[in-house]
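Here is what each chain is made of, one letter per residue.
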Amino acid sequence: MVVWDAVGNVLWGVRRWQDWDPRIQQALLQEDPEARAHAVDLSELFRQHPIELTLVKSLAELESNLAEAEFLLLHKVSVPAQALSAGRKLRLVEHLGLDYRGVPVRSARQLGIPVAAVPLINYLAVAEHAWALILSHLKQLPAVRAHMDRGQFQQSWGLFPGVLLVRDLTLGLLGLGEIGRVMASIARSFDMRVIYWDQGRLPAVEAECAAQYRDWETVFHEADVISVHLALNGDTEGIIGARELAWMKPSALVVNTARGRLIQQAALTEALVKRGIGGVALDVYEQEPLPADDPLLELQRRWPERVTLTPHCAWQSPWTWVRDSRAMWDNVLNVLRGEPVRYLVSGVGE
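Each chain has its residues counted from 1, running along the sequence as written. Per-residue local features are limited, in this predicted model, to residues with pLDDT of at least 70; the limit for side-chain atom pairs, both in listing and counting, is 80 or more; totals at the level of whole chains, interfaces and linings are taken over all residues. No hydrogens and no water enter the side-chain calculation; it runs on all heavy atoms of the structure.

Description of the packing of helix H8 (residues 121-138) against helix H16 (residues 318-337)
How we decide: Each axis is a line fitted through C-alpha atoms, taken for helices only over the stretch in contact, and angles between the N-to-C directions span 0 to 180 degrees. Helix numbering and strand numbering both begin at the N terminus, where a helix is a DSSP run of H or I of at least 4 residues and a strand a DSSP run of E of at least 2. Relative orientations are named as follows: roughly parallel for angles under 35 degrees, roughly antiparallel for angles over 145 degrees, roughly perpendicular for angles from 65 to 115 degrees, and oblique for any other angle. Contact definition: two residues touch when any of their heavy atoms are within 4.5 Å. Charged residues are taken to be Asp, Glu, Lys and Arg, nonpolar residues to be Ala, Val, Leu, Ile, Met, Phe, Trp, Tyr, Cys and Pro, and polar residues to be all remaining types, Gly included.
Relative orientation of the contacting elements H8 and H16 amounts to 140°, with a least axis distance of 8 Å. Between H8 and H16, the angle is such that the two are oblique. Contacts between H8 and H16 involve Ile121, Asn122 and Ala125 from the former and Thr320, Trp321, Arg323 and Asp324 from the latter. Of the residues in the contact of H8 with H16, the class split is three nonpolar, two polar and two charged.

Focus: the sheet that holds strand E5 (residues 115-118)
Going by this rule: Strands pair, by our definition, only if DSSP identifies at least two bridges between them.
With parallel pairing, the five strands of this open sheet are ordered in space as E2-E1-E3-E4-E5. The open sheet is flanked by strand E2 (54-56) and E5, the only strands paired with a single partner. Across the sheet, the mean angle separating the axes of adjacent strands is 20° when strand polarity is ignored. Across four bridges, the pairing between strand E4 (residues 92-96) and E5 is parallel. Directly across from His95, in E5, lies its bridge partner Ala117. Lying on the sheet, H16 is in contact with strand E1 (2-5), strand E3 (71-75), E4 and E5; it crosses E4 at an angle near 170°.

Observations concerning helix H2 (residues 22-31)
The following threshold applies: Think of it in three bands: residues with accessible area under 20% of the maximum for their type are buried, residues over 50% are exposed, and the middle band is partly exposed, with areas taken using a 1.4 Å probe on protein chains only. As used here, the arc is the angular range of directions from the helix axis to the C-beta atoms. Any pair of N or O atoms that falls within 3.5 Å is considered a polar contact. Within protein, one atom must be able to donate a hydrogen and the other to accept it, and sequence-neighbouring residues count only if both atoms are side-chain atoms.
By the burial criterion, the buried members of H2 are Ile24, Gln25 and Leu28. What you see down the axis of H2 is that its buried residues fit within an arc of 105°, all on one side. What points out from H2, more than 90 degrees from its buried face, is the exposed set Pro22, Arg23, Gln26 and Gln30. In the core, the buried residues of H2 are packed alongside helix H3 (35-38) and H16. For H2, the capping residue at the N-terminal end is Asp21, with a side-chain oxygen 2.7 Å from the backbone nitrogen of Arg23.

Observations regarding empty space enclosed by the protein
Keep this limit in mind: Think of a 1 Å grid over the protein atoms and nothing else: a 1.4 Å probe that fits but is trapped marks a cavity, an open set flanked by protein within 12 Å on at least five of seven lines marks a pocket, and residues with an atom within 4 Å of a point count as lining. Grid points are joined across faces, edges and corners, and a volume is the space filled by probe spheres set on the points.
Scanning the entire structure with this criterion turns up two cavities of 30 Å³ or more. Space inside the largest cavity adds up to approximately 50 Å³. The wall of the largest cavity is formed by Leu133, Ser136, His137, Pro142, Leu253, Val280, Ala281, Pro304, Glu305 and Thr308. For the lining of the largest cavity, the secondary-structure elements that each account for two or more residues are H8 and strand E11 (279-282). Among the elements that take part in the lining of the largest cavity, H8 stands out by supplying three residues, more than any other. Looking at the lining of the largest cavity residue by residue, the class counts come to six nonpolar, three polar and one charged. Here the second largest cavity is characterised by a volume of approximately 40 Å³. Along the walls of the second largest cavity sit Asn256, Gly260, Ile263, Gln265, Leu268, Leu282, Val284 and Tyr285, which together make up its complete lining. A class-by-class count of the residues in the lining of the second largest cavity yields five nonpolar, three polar and no charged.

What follows is the structure, given as structure tokens:
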């Protein structure tokens, strides 16, 4: 078994119980008293099929280990077609996540190697959370709740101005990877217009998601909701600053469930205070945990209808790690047992 994972999700959910942080153990047990039995580690899973596991961190390491590999498990990395040709013993190439653009599927098919792409439950949970933030803002749920708490509904029953119809608005996605695609799919169910920017155009995904590509500046000009789904790296850190926020409609909402350092937080706070944008909904921050004296917290208390902050909990719980890792390794077990492989990719080029 060879694992090349840029993040760690392939193995996070199948670690030994004693290797989990005590806080994570507590969270698992709180949601499932039988967590120790259900969060099975890798050695337990493969008790009947002893495995040799090799973790690689670079293409060079991958190439030096592929000749003897029977299974290749990947996450957020790119494997050149030429490199895959060394894997003559491969029985399965498996990618964690439906955004498997780094896997040379066509070459694998030519070599007769099945390829599977396992949906990331962790990412689906993030998309759900992002949409909860969006709908709460557009439907003005914090303001409606305050309205009810104050008893003002007695004089205005059935009326609450400022609530918006989703289908009348435009969703701007920064990143059309796995989470962005789920976001677009949900928007489509509302008949909401979707535009996106990514580091390169994705025509096949555009057609699948009914998303229209726009250049960087145009996305900010046209969107009523900007939802951030970019990876954090040297090219994207601080990519959204005062310039981008100034391009936005004064009524627009900024949602970030990706990484806090993608947005220059001081510029975002200033745009809120000066009403250059309509609102923010954040699950991630430049510094985490968010300092207790961060001005965003005071703005949330002052303007709950404009500011929603959550504590980096969109991924939901450690059980998403367990479910994601198990989906990968259960597929490997299917091969070893001669059972059907799930999430096979077909009809797709490199």
